[in-house]
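Here is how the chains run, residue by residue.
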Amino acid sequence: PLTKIHAVWVLLFVLYIAFSYFAVLNVVTGVFCQTAIESAIKDQEEVLQAQENSRQVYIAQLTELFQDVDSDGSGELTIDEFEDLLQDERLQKYCASLDITIDDAWALFKL
């Protein structure tokens, strides 16, 4: 029908359709990219929160272990108490989970 009026109208109509198509495609791409960015930020926050929770659990476990070994209840570990702690299987497993050897733990205590 537009060809009966003039060929310029056909060209304008095709350009209008192409422009509309690319505009909608641009909006869809923008929404997709924004969603992906928000998802990546959320994932990073979840990882940081999980690391903080793990750190708190490790601190609680280590504190409990030190309190169990503190035989005199002074709140401080003596060399004898620490040597007993080095023989404790819980400390050995705990150190292994942190990639710390017993020798490293001993060197840290001597500091």
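Refer to the preceding data block for the structure.
Rules used throughout
- Residues numbered from 1 in each chain as written.
- Predicted model: local features only at pLDDT ≥ 70, side-chain atom pairs only at ≥ 80, totals over all residues.
- Heavy atoms only, no water.
- Buried < 20%, exposed > 50% of the residue type's maximum accessible area, 1.4 Å probe, protein only.
- Helix = DSSP H or I, 4+ residues; strand = E, 2+ residues; numbered from the N terminus.
- Arc of directions from axis to C-beta.
- Core = buried A, V, L, I, M, F, W, Y, C linked by side-chain atoms within 4.5 Å.
- Contact = heavy atoms within 4.5 Å.
- Salt bridge = Lys/Arg side-chain N within 4 Å of Asp/Glu carboxyl O.
- Axes fitted to C-alpha atoms, helices over the stretch in contact; angles between N-to-C directions.
- Parallel < 35°, antiparallel > 145°, perpendicular 65-115°, else oblique.
- Left-handed = near helix turned anticlockwise from the far one by under 90°.
- Nonpolar A, V, L, I, M, F, W, Y, C, P; charged D, E, K, R; others polar.

Peer 1: Outline helix H4 (residues 89-97), listing residues and values.
Peer 2: Listed as buried for H4 are Leu91, Tyr94 and Cys95. Buried residues of H4 fall within an arc of 95° about the axis and therefore sit on the same side. H4 presents Lys93 and Ala96 as exposed residues on the side facing more than 90 degrees away from its buried surface. In the segment just after H4, Asp99 is the residue with positive phi, at about 60°.

Peer 1: Give me the environment of Ala96: which residues, what numbers.
Peer 2: Here Ala96 shows up in helix H4. Taking the C-alpha atoms as reference points, Ala96 and Ala50, 46 residues apart in sequence, are found 20 Å from one another.

Peer 1: Hey, could you go over the nonpolar core for me, with residue numbers and the actual values?
Peer 2: By size, the foremost hydrophobic cluster in this structure holds 8 residues: Leu65, Val69, Phe82, Leu85, Leu86, Leu91, Cys95 and Ala105. Elements supplying a minimum of two residues to this core: helix H2 (7-69), helix H3 (79-87) and H4. Residue contacts for Ala105: discarding those within four places in its chain leaves Phe82, Leu86, Cys95 and Ile100.

Peer 1: Tell me about the pattern of salt bridges, and please be specific about residues and values.
Peer 2: On inspection of all chains with the given rule, the structure shows 2 salt bridges. The shortest N-O distance in the salt bridge between Arg55 and Glu52 comes to 3.1 Å. Of this pair, Arg55 and Glu52 both sit in helix H2, 3 residues apart, which is roughly one turn of the helix. Residue Arg55 is classed as partly exposed on the basis of its relative accessible area, which comes to 43%. A salt bridge links Lys93 to Glu89; the shortest N-O distance between them is 3.0 Å. One end of the pair, Lys93, and the other, Glu89, are both in helix H4, 4 residues apart, so they sit about a helical turn from each other.

Peer 1: Tell me what's going on with the packing of H3 against helix H5 (residues 102-110), and back it up with residues and numbers.
Peer 2: In the contact formed by H3 and H5, the axes pass within 11 Å of each other and the chain directions differ by 165°. Classified by the angle their axes make, H3 and H5 are roughly antiparallel. At the point where H3 passes H5, the crossing takes the right-handed sense. Only Ile102, Ala105, Trp106 and Phe109 of H5 make contact with H3, whose side of the interface consists of Ile79, Phe82, Glu83 and Leu86. When the residues that make up the contact of H3 with H5 are grouped by side-chain class, the tally is 7 nonpolar, no polar and 1 charged.

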